[in-house]
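Descriptive structure summary
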Amino acid sequence: MYTQALDSPAPEARPGSSGGQAALERRFEERIERDEKIEPKDWMPDAYRQTLIRQISQHAHSEIVGMLPEGNWITRAPSLRRKAVLIAKVQDEGGHGMYLYSAAETLGIARAELLEQLLDGRAKYSSIFNYPTLTWADVGAIGWLVDGAAIMNQIPICRCSYGPYARAMVRICKEESFHQRQGFEIMLALARGTGEQRAMAQDALNRWWWPSIMMFGPSDATSTHTAQSMRWRIKRFTNDELRQKFIDVTVPQAEFLGLKIPDPALRRDEISQHYLTGPIDWSEFKAVLQGNGPCNHERLQARRTAHEAGRWVREAAAAYAAKHGGRGAQPRSAAHIASPRAEAPCHE
Amino acid sequence: MSDDWPLFEVFIRARSGLEHKHVGSLHAADVRMAIEHARDVYTRRQEGVSIWVVRSSEIVASDPEEAEALFEPARDKVYRHPTFYTIPDEVKNL
């Protein structure tokens, strides 16, 4: 996650470097073809840069907004163990947002600009987080299904052509596997519990199943970005391929839990060895994406409130830093590393 | 919207005996906060025993356009590697 603040000029700014736009583009395409990684200071076509900024920032926003539906249950987790786990998971989501914002910033966009896009409603985030978490079983269903779908989506991005995004994704995937397992464990406890608990688990599956499989995005026939992203090796599989993989691994898990996938048309096709679903209601997906889901307004409002309520803290920290020359009340070891002559007058 | 806090690059020593390695970047108001944020963002699973932070603007990087001029000259100097030299099998400890 190297940053744009490094002090060499952007290659575009250098006049006459390596003979013209066409040559640069050809060299870029060849590097992609050889599966080389593109790094922040390398030349890249503007459309590649803009596509990555859009995708990485949407991904970052999704992690940040994704803290809200589950954070909603931290105070009501049914045991101390579940509570500690949920806090750790929500903190991970925050961390993942931070890795991704850093990766987006390497493309030359400021963090403040990214936050502004989220808070003023211009930026999109995963529509799944606009659904409410009505019961404790929803926390299980989110871990199992929503994190499961996210992992399926993210594993191929570990091999994305853009280095900082790929590296962020490796960290995220390593950390995310516990998220899915803890969710399944919650579902398992409910599925093995009382009749009322089983009903709760089934109800959560009923509400989260379709939104989860819609997380992979529109079907290939209508997806506008897929073809170009695959050529640039930002994406490695199409939306429909990933959706199918997810369905194939998840249906047997639901069977293990003794829960029923809410799709009367679902069947296993013996020839292709795939589970085939009934038609997906894309009008719901579009409505939620356009801001008309059950919690769109509430989620953005929560982010705006947090941002405003934290303003005085940010201002106080900045004022404190200015007063102490940006060094803060640092530990002795940091002073030693930052400057071998720590006693020098640069301290104030 | 207010300006961003300065950007820091974060380096972590995974355990004693290993070097610090670049792991990512973050924003912080000052160096102390940068260390504390690095601890929260990059060491939630015992990934480190020591953290360095440095302002990103203080790092001077080589220019990718000059990569050839900088690194190409080493490519044809294979005699810098031990495998370049042929030694008879019977000669031991060499």
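Please refer to the structure higher up on the page.
This write-up is about the structure you can find in this document. (Residues numbered from 1 in each chain as written. Chains lettered and ligands numbered in written order. Predicted model: local features only at pLDDT ≥ 70, side-chain atom pairs only at ≥ 80, totals over all residues. Heavy atoms only, no water.)

**Re the overall build of chain B**
Our working definition: Under the DSSP-based scheme used, a helix requires at least four consecutive residues in state H or I and a strand at least two consecutive residues in state E, with every element numbered from the N terminus. When we talk radius of gyration, it's over C-alpha atoms, and the globule rule is simply 2.2 Å times the number of residues to the 0.38. A simple rule labels every residue: compare its accessible area, found with a 1.4 Å probe on the protein chains alone, to the largest value its type can have, and call it buried under 20%, exposed over 50%, or partly exposed in between. Here a residue-residue contact requires only that any non-hydrogen atoms of the pair lie within 4.5 Å. Surface accessibility in these figures is a Shrake-Rupley result with a 1.4 Å probe; residues are shielded only by whichever protein chains are displayed. For the purpose of counting charges, residues Lys and Arg are taken to be positive, whereas Asp and Glu are taken to be negative. His and the chain ends are not included. Where a charge lies is defined by one atom per residue type, namely NZ (Lys), CZ (Arg), CG (Asp) and CD (Glu).
On a plain count of helices and strands, chain B comes out with two helices and three strands. Taking 94 residues into account, the globule formula puts the C-alpha radius of gyration at 12 Å, and chain B, at 21 Å, lies well above it. Of all 94 residues assigned to chain B, the portion counted as buried reaches 30%. Here the contacts in chain B between residues at least 6 apart in sequence split such that 45% fall between residues at least 24 apart. Carbon and sulfur atoms form 52% of the exposed surface of chain B, whose accessible area is close to 6,600 Å². One way to put it: in chain B the 12 positive side-chain charges average out to a point 10 Å from where the 17 negative ones average out.

**A look at the overall build of chain A**
The helix and strand inventory of chain A stands at 14 helices and two strands. In chain A, which comprises 348 residues, the share counted as buried stands at 50%. Pairs at least 24 residues apart make up 76% of the contacts formed inside chain A by residues separated by at least 6 positions. On chain A, roughly 16,600 Å² of surface is accessible, and the fraction owed to carbon and sulfur atoms is 57%.

**Considerations on helix 12 (residues 296-309) of chain A**
Residues and elements named next belong to chain A. This is how it is decided: Helix span, as expected, comes to 1.5 Å for every residue beyond the first. Working note: the arc is built from the helix axis to C-beta atom directions.
Along its 14 residues, helix 12 runs 20 Å from first to last C-alpha, staying within 8% of the 20 Å computed at 1.5 Å per residue. Within helix 12, the full set of buried residues consists of Asn296, Arg299, Leu300 and His307. Along the long axis of helix 12, the arc covered by the buried residues comes to 90 degrees, so they all point the same way. On its buried side, helix 12 packs onto helix 2 (46-65), helix 3 (67-71), helix 5 (111-119), helix 11 (282-292) and helix 13 (311-323).

**Some points on the environment of Trp282 of chain A**
Residue and element names in this part refer to chain A. As for its position among the elements, Trp282 is in helix 11. For Trp282, a relative accessible area of 19% corresponds to the buried category. A sequence separation of 239 residues divides Trp282 from Trp43, and the C-alpha atoms of the two residues are 38 Å apart. Residue contacts for Trp282: discarding those within four places in its chain leaves Met214, Gly217, Pro218, Ser219 and Arg243.

**A look at helix 10 (residues 239-257) of chain A**
Residues and elements named next belong to chain A. Across its 19 residues, helix 10 extends 27 Å between first and last C-alpha, which sits within 8% of the 27 Å expected from 1.5 Å per residue. Among all positions in helix 10, only Asn239, Leu242, Arg243, Gln244, Phe246, Ile247, Asp248, Thr250, Val251, Ala254 and Leu257 are buried. Against helix 6 (136-154), helix 7 (163-191), helix 8 (195-214), helix 9 (226-231), strand 2 (274-276) and helix 11 lie the buried residues of helix 10.

**A few points about the pattern of salt bridges**
Residues and elements named next belong to chain A. Using the following cut-off: Definition used for salt bridges: Asp or Glu carboxyl oxygen within 4 Å of a side-chain nitrogen of Lys or Arg.
A full pass over the atoms with the stated rule returns 31 salt bridges over all chains. As a salt-bridge pair, Glu36 and Arg34 come within 2.9 Å of each other at their nearest N and O atoms. Of the residues examined, Arg34 reaches a relative accessible area of 52% and is grouped as exposed. Residue Glu93 pairs with Lys89 through a salt bridge whose shortest N-O separation is 2.9 Å. You can see Glu93 and its partner Lys89 sitting in helix 4 (residues 80-105), four residues apart, about one turn around the helix. The buried category is assigned to Lys89, whose relative accessible area is 0%. Salt bridges here are not isolated pairs; linked through shared partners, they connect Arg31, Arg34, Glu36 and Asp42.

**Here's the deal with unusual backbone geometry**
Residues and elements named next belong to chain A. For Asp35, which is not a glycine, the phi torsion comes out positive at approximately 65 degrees. Within the secondary structure layout, Asp35 lies in the loop between helix 1 (20-33) and helix 2. Positive phi values are uncommon outside glycine, yet Arg233 reaches one of about 55 degrees. With respect to the helices and strands, Arg233 occurs in the loop between helix 9 and helix 10. Residue classification places Arg233 among the buried positions, given a relative accessible area of 19%.

**Topic: the packing of helix 7 of chain A against helix 8 of chain A**
All names here are of chain A. Selection criterion: Lines fitted to the C-alpha atoms define the axes, with helices restricted to the stretch that makes contact. Angles between their N-to-C directions range from 0 to 180 degrees. Comment on the angle field: the value is read as roughly parallel under 35 degrees, roughly antiparallel over 145, roughly perpendicular from 65 to 115, and oblique elsewhere. Asp, Glu, Lys and Arg are counted as charged, while Ala, Val, Leu, Ile, Met, Phe, Trp, Tyr, Cys and Pro are counted as nonpolar; the rest, among them Gly, fall into the polar class.
Here helix 7 crosses helix 8 at 140 degrees, and the two axes come no closer than 7 Å. Judged by the angle between their axes, helix 7 and helix 8 are oblique. Of the residues in helix 8, those in contact with Met187, Leu190 and Ala191 of helix 7 are Gln197, Arg198 and Ala201. Its residues placed into classes, the contact of helix 7 with helix 8 shows four nonpolar, one polar and one charged.

**Quick look at the sheet that holds strand 1 (residues 7-13) of chain B**
Residue and element names in this part refer to chain B. Heads up, the condition is: Criterion used throughout: strands pair if DSSP finds at least two bridges between them.
With respect to topology, three strands assemble into an open sheet ordered 2-1-3, the strand pairing being antiparallel. What marks the edges here is a single partner per strand, and that holds for strand 2 (20-27) and strand 3 (50-55). Direction aside, neighbouring strands of the sheet carry axes that sit 25 degrees apart on average. Relative to strand 3, strand 1 runs antiparallel, the two being bridged by six bridges. From the neighbouring strand, Phe11 faces strand 3, where its bridge partner is Trp52.

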